[in-house]
Amino acid sequence: MALMRLLLPHPDAPSDDEGDGRLSPEALAELYEYPRSATRGVPWVRANFVTTLDGAATGSDGRSGSINTGADREVFGLLRALADVVLVGAGTARIEGYRPIAARAQWQDVRGRSGRADPPVLAVASRSAQLPPLLRERPEGVGEVILLTCERAPEEAVEAARAALGADNVIVRGGDGVDLDAAIKELAARGLTRILCEGGPQLMHDLVSAGHLDELCLTIAPTIVAGDHTRITAGPSIVEHLVPRVLIESEGTVLGRWVRADAATG
């Protein structure tokens, strides 16, 4: 595990037995745990992104994976272990090569202590009901895949998704686009209240615009890439104020949790 030092909320948080200030896996998991309300049926939507020092959400290959750091990958795995469902746009799923989510051995104990036995569900949002090819098969030991789509989607695409995933795993909500409010309520009704959004930028924008982003987990990689790259949001101008709850430094990488100013965290 990478050396991670806590900057906020306090510098003397639990560390490992070596006394070098390194956050233990247990302490790190505690810092990122969902609020208690999410265990009582109230959905909590957390987004996780990585960006460079100059604001790029991707590297030269157009993928976020090329700007990841070791600390970012560790927290990425932890956040998935803490989540009931990972929400992602279909475009991002294709570009990043998403597959059904498998459990990571490193964080299995954390997931087990939270009462979650199976790997997280992957919920893919697509207005056209185009399920990425890598998600059409479900190998043993991975979580379910749900497609979130809308009424404008071609019927043949919806039926193909139902054939691949099962009728109950294709959720049609909204007319011209996916109704995120209705989709989140449907996920919560299935017991999937701890929601982790992994992008892309348009879905992130839509969540913020609809008032459904409760928390942003942002990794700032110690890299400058210049060039023409996307940001973590894309779309018309919006304003949302977040306040920092956790800041961690690891070999130049800064990781943090920012929570909506009016959101409860208890």
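Before reading on, note that the structure itself is shown above.
The structure reproduced in this document is the subject of the present report. Here the residue numbers are simple positions, counted from 1 along each chain's written sequence. Thresholds applied to this predicted model are a pLDDT of at least 70 for local features of residues and 80 or more for the giving and counting of side-chain atom pairs; totals over whole chains, interfaces and linings are not thresholded and use all residues. For side-chain calculations, the full set of non-hydrogen atoms in the structure is used, while hydrogens and water are omitted.

Some details on helix α6 (residues 180–189)
No. 1: Taken together, the buried positions of α6 are occupied by L180, A183, I184, E186, L187 and A188.
No. 2: Pairs of residues are marked as contacts when any of their non-hydrogen atoms sit within 4.5 Å. For the purposes of this entry, the term helix denotes a DSSP run of H or I that reaches at least four residues, the term strand denotes a run of E that reaches at least two, and both are numbered from the N terminus. Where α6 is buried, its residues touch β2 (44–52), β3 (85–89), β5 (145–149), β6 (170–172), β7 (194–197) and α7 (201–209).
No. 3: Measuring from the side-chain oxygen of the N-cap residue of α6 to the backbone nitrogen of D181 gives 3.1 Å; that N-cap residue is D179.
No. 4: Residue G191 follows α6 closely and has a positive phi angle near 85 degrees. Using a 1.4 Å probe on the protein chains alone, a residue whose accessible area is under 20% of its type maximum counts as buried, one over 50% counts as exposed, and one in between counts as partly exposed. Pairs of N or O atoms are called polar contacts if they sit within 3.5 Å, as long as, within protein, a hydrogen donor faces a hydrogen acceptor (for residues adjacent in sequence, only side-chain-to-side-chain pairs).

What about the environment of A71?
No. 1: Relative to the assigned elements, A71 resides in helix α2 (residues 70–82).
No. 2: Distance from A71 to D179, taken between C-alpha atoms, is 34 Å for residues 108 residues apart in sequence.
No. 3: Setting aside anything within four residues of it in sequence, one finds A71 in contact with A2, M4, S250 and L255.

Details of the pattern of salt bridges
No. 1: Counted as salt bridges are all cases of a side-chain nitrogen of Lys or Arg within 4 Å of a carboxyl oxygen of Asp or Glu. For the structure shown, the criterion picks out 15 salt bridges.
No. 2: Linking R138 and E144 is a salt bridge whose minimum nitrogen-to-oxygen distance equals 3.9 Å.
No. 3: Among the ionic pairs, E159 bridges to R162, the shortest N-O distance being 2.7 Å. Remark: R162 and E159 occur in helix α5 (residues 155–165); sequence separation between them is 3 residues, near one turn of the helix.
No. 4: A residue is classified by how much of its surface remains accessible, and R162, at 28% relative accessible area, is partly exposed.
No. 5: Through salt bridges with shared partners, a single network forms among R46, E215 and R257.

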